[in-house]
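Overview (structure and organization)
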Amino acid sequence: MSSLLQKICLIGNFNVGKTSLIRRFVENKFSDTYLTTIGVKISRKPVTIKELDKEVTFVIWDIEGKTKEQAISTTYLEGAAGAIIVGDLTRVETLKDINQHIQSFLKVNPQSYVVVALNKSDLIVQNKLNKLTESFNFQNHEQVLADYVTSAKTGEFVDIMFHQLAIKLVSKG
Amino acid sequence: MNSQSNLEGENPKQETRSSSETNVNKINQDSNSQNIDDSNNLQQETCEQNEDSESENSKNNQEILANLYGLIDELDIVEMNQQKAFESSPAIPTSTKQLNSTQSAADQNFSSTDLEPQSPLLKKLELKKIKLSSPDSNSSSLVNLTIDNHGITQSSSTDSDEDRILANKQSTSPITLKSEKTNSETLKSKNSTPKSLEYSDDLYNHNYIDSIIKQDVNPQLDDSISLLNIEQPNQALESIHQVSPHWLVQKERQINDLANSINTLLPLVVELSQTQTNGSHEHILKNLVPIIDQVIQQRSIEDQQKMAEAIASLLPKAIQKEIQQEPKSIGQAIAPELALSITEQIRLDEDAIPEALGSEMGKAIKNQIEKEPEAMVDALYPVIGSTIAKYMAEVVESINERVDNALSPKGIQRKIQAKIQGVSEAELILQESLAYRVQAVFLIQNKSGLVIAELQPQQESRLESDLLAGMLTAIRSFANDCIVSNSELDEIDYGNFQIMFETSGYCYLAVVVNGESDRRFRDRIRKVLTNINHKYGNEIKQYQGEQETNLNVSLKKILEELQTDNSQAKSSKSPKTLYWLIGILLLTILVPWGILSYQHSVRTNIENNVAIQLDANPELSVYRLTPKIKKKQLLLQGRVPTKYLANLATQVTTPIAQEAQLELDNQIVTVNIPHDPNLTEQEIKRTVEILNQHSLNQNFESILDASYTDQTVTIKGLFIDTTRQKKLIKTFRAIPGVENVIFVINNQLPKIDTRIYFPAGANDVSSPQELAKLDDVLIVLNKYPWLKLKIISHSDNVGSKNANLKLGKNRADNIYQNLINRGIKPDRLKVIATIQPPPDIIESQSATLKRCIRFELFGINSN
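Residues numbered from 1 in each chain as written. Chains lettered and ligands numbered in written order. Predicted model: local features only at pLDDT ≥ 70, side-chain atom pairs only at ≥ 80, totals over all residues. Heavy atoms only, no water.

1. Some words on the overall build of chain A
Where we set the bar: Secondary structure counts use DSSP, requiring at least four H or I residues in a row for a helix and at least two E residues in a row for a strand, with both numbered from the N terminus. Using a 1.4 Å probe on the protein chains alone, a residue whose accessible area is under 20% of its type maximum counts as buried, one over 50% counts as exposed, and one in between counts as partly exposed. What makes two residues a contact is simply this: any of their non-hydrogen atoms within 4.5 Å. Areas reported here follow the Shrake-Rupley algorithm with a probe of radius 1.4 Å; residue values treat only the protein chains shown as occluding.
If you tally the helices and strands in chain A, you get six helices and six strands. Traced from its N-terminal end to its C-terminal end, chain A shows the element sequence β-α-β-β-α-β-α-α-β-α-β-α. Buried positions account for 53% of the 173 residues belonging to chain A. Here the analysis covers contacts within chain A between residues at least 6 apart in sequence; of these, 71% occur between residues at least 24 apart. For chain A, the computed accessible surface area is about 7,800 Å², with 49% contributed by carbon and sulfur atoms.

2. Side note on the sheet that holds strand 16 (residues 852-858) of chain B
Residue and element names in this part refer to chain B. The following threshold applies: Strand pairing requires that DSSP identify at least two bridges connecting the strands. The axes used here are C-alpha line fits, helices contributing only the stretch in contact, and every angle between their N-to-C directions lies in the interval 0 to 180 degrees.
Pairing in this open sheet of four strands is mixed, and the strands run 13-16-14-15 from one edge to the other. Among the strands making up the open sheet, the edge pair consists of strand 13 (755-757) and strand 15 (829-833). On average, each strand axis in the sheet is tilted by 20 degrees relative to the strand beside it, whichever way the strands run. Contacting strand 13, strand 14 (788-794), strand 15 and strand 16, helix 30 (residues 774-783) runs over the sheet at an angle of about 5 degrees to strand 16. Of the strands in this sheet, strand 13, strand 14, strand 15 and strand 16 touch helix 31 (residues 801-821), which is tilted by about 150 degrees from strand 14.

3. Observations regarding the sheet that holds strand 2 (residues 451-455) of chain B
Residues and elements named next belong to chain B. The strand order across the open sheet built from five strands is 2-1-5-4-3, with neighbouring strands paired in antiparallel fashion. The two strands at the open ends of the sheet, each matched to only one other strand, are strand 2 and strand 3 (491-494). The average angle at which neighbouring strand axes cross in this sheet is 15 degrees, direction not considered. The pairing of strand 1 (residues 437-445) with strand 2 spans four bridges and is classified as antiparallel. Paired with Ile444 across the two strands is Val451, which belongs to strand 2. Against the sheet, helix 20 (residues 465-482) contacts strand 1, strand 2, strand 3, strand 4 (497-503) and strand 5 (507-514), and its axis sits at roughly 110 degrees relative to strand 5.

4. Quick word on the confidence of the model for chain A
Which entries qualify depends on this criterion: Known as pLDDT, the predictor's per-residue confidence is scaled from 0 to 100.
Predicted confidence across chain A gives a mean pLDDT of 89, with 99% of residues reaching 70 or more. Averaged over each element, pLDDT in chain A is lowest for helix 2 (residues 74-77) of chain A (86) and highest for strand 4 (residues 82-88) of chain A (94).

5. Let's talk about the interface of chain B and chain A
What counts is decided by this rule: The term buried area refers to how much accessible surface (probe radius 1.4 Å) is lost by two components on association, counted for both of them together. When a carboxyl oxygen of Asp or Glu lies within 4 Å of a side-chain nitrogen of Lys or Arg, that pair is called a salt bridge. Polar contact criterion, stated in full: a pair of N or O atoms within 3.5 Å, where within protein one must be able to donate a hydrogen and the other to accept it, and residues adjacent in sequence count only if both atoms are side-chain atoms. Polar here means any residue other than Ala, Val, Leu, Ile, Met, Phe, Trp, Tyr, Cys and Pro, which are nonpolar, and Asp, Glu, Lys and Arg, which are charged; Gly is therefore polar.
Facing 24 residues of chain B, the contacting portion of chain A comprises 24 residues. Buried area between chain B and chain A, summed over both chains or domains, comes out near 2,200 Å², and the portion from carbon and sulfur atoms is 52%. In this assembly, chain B and chain A are joined by two salt bridges. At the junction of chain B with chain A, the criterion picks out five residue pairs in polar contact (both at pLDDT 80 or more). Of all the secondary structure elements, the ones that give two or more residues to the side of chain B that touches chain A are helix 2 (12-25) and helix 20 of chain B. Sort the elements by how many residues they give to the side of chain B that touches chain A and helix 20 of chain B lands first, with nine residues. Partitioned by chemical class, the residues of the side of chain B that touches chain A number six nonpolar, nine polar and nine charged.

6. Side note on the side chain of Gln6 of chain A
With respect to the helices and strands, Gln6 of chain A occurs in strand 1 (residues 2-12). Within the structure, Gln6 of chain A has its side chain in polar contact with the backbone oxygen of Gln544 of chain B (distance 2.6 Å). When residues no more than four places from it in sequence are discounted, the contact partners of Gln6 of chain A are Val56, Thr57, Phe58, Val59, Ala81 and Leu169 of chain A together with Leu450, Gln544 and Gly545 of chain B.

7. Some thoughts on helix 30 of chain B
All names here are of chain B. Basically, it comes down to this: Working note: the arc is built from the helix axis to C-beta atom directions.
Along helix 30, the residues classified as buried are Leu774, Val777, Leu778 and Leu781. Each buried residue of helix 30 sits inside an arc of 100 degrees when the element is viewed along its axis, so together they form one side. Across from the buried face of helix 30, at angles greater than 90 degrees, the exposed residues are Ile779 and Lys783. On its buried face, helix 30 sits against strand 13, helix 29 (768-772), strand 14, helix 31, strand 15 and strand 16.

8. Describing the packing of aromatic side chains
Residue and element names in this part refer to chain A. As a reminder, the rule being used: When two rings of Phe, Tyr or Trp (its six-membered ring) have centres within 6.5 Å they constitute a pair, described as stacked for plane angles under 30 degrees, edge-to-face for angles over 60, and tilted for the intermediate range.
Applying the stated criterion to the full structure yields seven aromatic pairs over all chains. Between Phe25 and Phe162, the ring centres sit 3.7 Å apart and the planes meet at 5 degrees, which makes this aromatic pair stacked. With Phe25 in helix 1 (residues 18-27) and Phe162 in helix 6 (residues 158-172), the pair connects residues that are 137 residues apart, well separated along the chain. Residues Phe25 and Phe162 agree in their burial class; the two are buried.

9. Examining the packing of helix 21 (residues 519-541) of chain B against helix 22 (residues 550-563) of chain B
Residue and element names in this part refer to chain B. Heads up, the condition is: Working definition: roughly parallel below 35 degrees, roughly antiparallel above 145 degrees, roughly perpendicular at 65 to 115 degrees, and oblique for all remaining angles. Rotating anticlockwise by less than a right angle from the far helix to the near helix defines a left-handed crossing, while the corresponding clockwise rotation defines a right-handed one.
Following both chains from N to C, one finds helix 21 and helix 22 inclined at 165 degrees, their axes separated by 9 Å at the closest point. Taken together, the axis directions place helix 21 and helix 22 in an arrangement best described as roughly antiparallel. Here helix 21 and helix 22 pass one another in a crossing that is right-handed. Judged by residue contacts, Phe521, Arg524, Ile525, Val528, Asn531, Ile532, Lys535, Tyr536, Glu539 and Ile540 of helix 21 engage Leu551, Ser554, Leu555, Ile558, Leu559, Glu561 and Leu562 from helix 22.

10. Some remarks on the pattern of salt bridges
All names here are of chain B. The final tally for this structure, using the stated rule, is 20 salt bridges over all chains. Glu491 is the partner of Arg522 in a salt bridge, and the nearest nitrogen-oxygen pair spans 3.8 Å. Taken together, the residues span a long stretch of sequence, with Arg522 in helix 21 and Glu491 in strand 3 at a distance of 31 residues. Here Glu491 falls in the partly exposed class, since its relative accessible area comes to 34%. Salt bridges linked by common partners bring Glu491, Glu502, Arg522, Asp523 and Arg526 together as one network.

And the structure:
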């Protein structure tokens with residue numbers, strides 16, 4: 001089984017749940033307590049893709065949440081093979097910023113892939129969710145693989161999202 | 001706000017999330033105030049429902065409400081007075097307190113009301129007031145509701161028989177629970193469906209009635225009191241009840257009436273309660289005392305929670321009091337379970353006990369150390385002792401090794417280093433002893449922070465490479481971005497650890513080192529990185545995170561160069577300097593030594609030359625004379641017996657000294673050496689021999705013999721020419737050890753008395769004996785080799801003269817021939833024949849004596 005080491009970044013406005021998504025993915029845990037990430041937090045998680053008989057070890061860079069106005073330090077993004085851009089379904093402005101984040105990430109890493117996570121789906125009713133997902137479209141860029149309505153709290157679509165990114169990164173190489 | 005919000009935190013969003021969640025979860029949790037809030041909200045909803053149908057009512061109600069407020073206020077004042085009255089009577093202090101607590105607590109406290117002999121009217125009024133204190137618009141309907149409910153309560157309580165009460169009582173707890181539950185449920189459903197509102201309304205009413213019933217069904221109330229109570233409130237409440245919408249015009253008067261009626265009632269109430277208190281106080285006590293324990297027990301079984309609440313507030317004070325009075329018994333009571341309770345508390349909240357004890361731990365340990373240092377040492381030794389011992393053993397071993405090597409090249413190098421750096425050698429030794437150890441080496445891609453290759457020699461404490469690499473990269477990025485651009489992070493010091501960075505184009509090396517590394521190690525890191533870049537620069541640039549490829553393996557091999565033991569590395573590095581040092585050392589030693597030895601050899605050469613020259617001189621060779629060169633002088637040392645010899649030495653040496661440009665310093669001492677008599681004697685003998693030889697050769701007519709005693713030479717012998725005597729004396733006196741010369745010499749030639757006789761007429765001797773006389777002649781001739789011999793032949797006077805002469809001549813020739821035959825040179829012999837008799841023989845004597853040959857010696861100068 002060949003194995004690969006890949007850096008991926010989680011980008012998004014503050015308090016959209018980047019750290020929680022990582023925590024759900026890496027440790028399968030969730031906490032309501034909100035702790036701001038300062039600078040960067042790095043986690044590591046191996047993902048086995050049985051279909052392809054391959055293993056990817058994600059080095060996940062949890063980059064501190066910024067808004068559109070405060071640009072993320074590009075040096076943190078450099079060398080990333082993929083990114084998960086996170087928005088908060090309960091705050092429309094965070095969703096609006098997603099495209100901006102995608103742009104800035106792909107500018108630094110033109111060869112890499114992006115997945116969009118619309119997080120905190122557990123806090124929003126289905127009707128509203130449908131409306132929101134209709135009004136926002138992130139698939140306008142070919143390097144954006146998919147968008148997922150996730151919930152770090154329930155774990156909904158979290159693993160699937162990371163898995164999809166993993167498959168893409170493996171098949172790319 | 002409710003209690004949960006205080007706990008849950010600041011964020012309003014999460015608050016709502018969490019509160020909805022916890023409401024479901026925490027049904028049993030006691031949160032009185034929240035329930036009240038909830039029920040108020042519920043009231044609000046209900047109010048909205050009823051609003052249309054009862055719009056008129058609401059207006060009236062508001063006014064009524066305003067009046068009621070006044071009324072209640074008045075009642076409050078009365079209550080206050082009453083309270084004072086209660087307080088003054090010592091028997092019922094709890095009741096008043098409970099009254100106050102009821103006022104503040106929303107949930108009606110059963111445990112408190114149980115034993116209270118107070119008027120239900122008051123209680124109900126109380127209740128109303130609580131309801132009224134909620135916001136205005138809602139409370140109008142609320143009042144209505146309350147009053148209605150109260151009516152029901154009233155009837156139910158009046159109608160109630162013993163069984164009913166009991167039944168209600170038994171169902172109390174479940175109902176309460178249920179009501180709470182439903183409240184939360186209602187709250188939950190409130191948002192979603194409007195239909196459920198009706199249901200909740202009904203539910204609420206039902207619950208509320210229940211709660212009112214509960215209040216009234218106080219099991220311990222005295223019959224008389226309850227009767228009285230029931231009557232009194234009936235009147236008051238009926239009058240209130242009559243306040244209805246269609247009495248709009250008369251509302252003010254009615255309210256006044258109501259107020260008046262209550263006012264008139266008040267003194268009665270006070271009186272009654274006082275009477276009740278005074279009158280039934282003892283009675284109640286009497287009734288209660290025997291069953292008080294049962295009461296408590298019973299109550300405890302019924303509702304532990306409430307009972308606990310009731311007692312709870314008293315417990316701390318009670319315990320405090322008990323501790324003050326009898327600390328020992330409290331101690332004994334608590335002691336057995338203390339450990340258990342701490343364990344339990346730790347189980348419940350891990351941090352609480354450490355937190356509580358933490359601040360005192362330091363003091364406790366300090367105290368214990370002061371009291372029993374040995375015990376503490378014993379306790380800590382297994383932990384710290386072994387660690388320190390192990391560490392120190394290693395250090396000591398290392399120091400020992402280095403001390404052993406003190407005289408090795410490394411030792412010398414260290415000494416020099418110590419001098420240069422101005423630190424003590426011990427410090428350097430220690431520094432070397434506490435040598436650094438490479439814990440991990442990571443080759444990390446610059447941008448991505450991915451580990452391309454890593455090396456971790458110590459398997460037991462492996463570092464999480466990916467996380468570390470990522471974090472280090474982030475730190476570097478941060479430093480680059482925020483602090484100074486275009487500069488690199490060199491090093492992170494972390495206690496005893498160092499993380500050293502060395503950066504190149506697309507990757508950097510992070511080396512985690514335990515201990516203090518040195519500059520040389522950084523050079524090595526740099527070299528390794530240069531090597532890596534040179535060989536694998538491109539691969540690293542294009543590295544995509546592939547694991548366990550050839551690149552990883554070959555890079556790891558390069559990294560292993562850094563892992564090698566630093567002491568080895570040091571020694572492999574050191575010789576260059578060392579060789580220089582040794583070279584310089586050798587030069588400084590060898591050059592002066594060479595010069596010196598050259599000078600020495602030159603000196604020795606001159607000295608030898610001088611010695612040879614001195615030795616070559618026969619007069620000086622006898623004496624031990626030492627030539628010595630000192631600075632620019634040629635010294636001559638030694639002893640000679642005479643000044644002459646000393647001067648001679650100077651003469652011999654001067655040419656050499658001049659040649660070597662040295663100043664001659666003759667330090668030869670003249671001394672009288674006691675001479676060896678044997679040597680002197682030999683010398684004398686030799687001199688005599690030479691002289692004799694000399695005399696022979698030069699035809700000196702002398703033959704000498706000499707004897708030596710007491711520094712005196714006695715010369716004996718034949719010495720004809722006496723003029724040469726002075727010369728002889730000088731010669732002998734020159735011989736060392738000779739002081740005096742005595743001559744015992746003869747200047748006359750020796751005589752030979754030997755005569756050889758012949759028979760008459762014969763040419764030869766008659767017998768060999770006669771011829772043997774010649775031996776004596778030979779001896780003399782040999783003794784004086786430089787003397788000559790005359791052979792004189794005499795004859796008798798018988799016969800003719802001619803015949804006799806001829807005969808005599810023949811006889812002499814025979815002897816002559818005989819001597820020559822015996823080795824005498826012919827030139828030393830002279831033959832003479834005469835007819836004359838020998839000089840001492842006269843004519844008359846026998847002819848036999850006349851026929852003979854005699855001998856006569858003669859010298860060189862004589863004929």
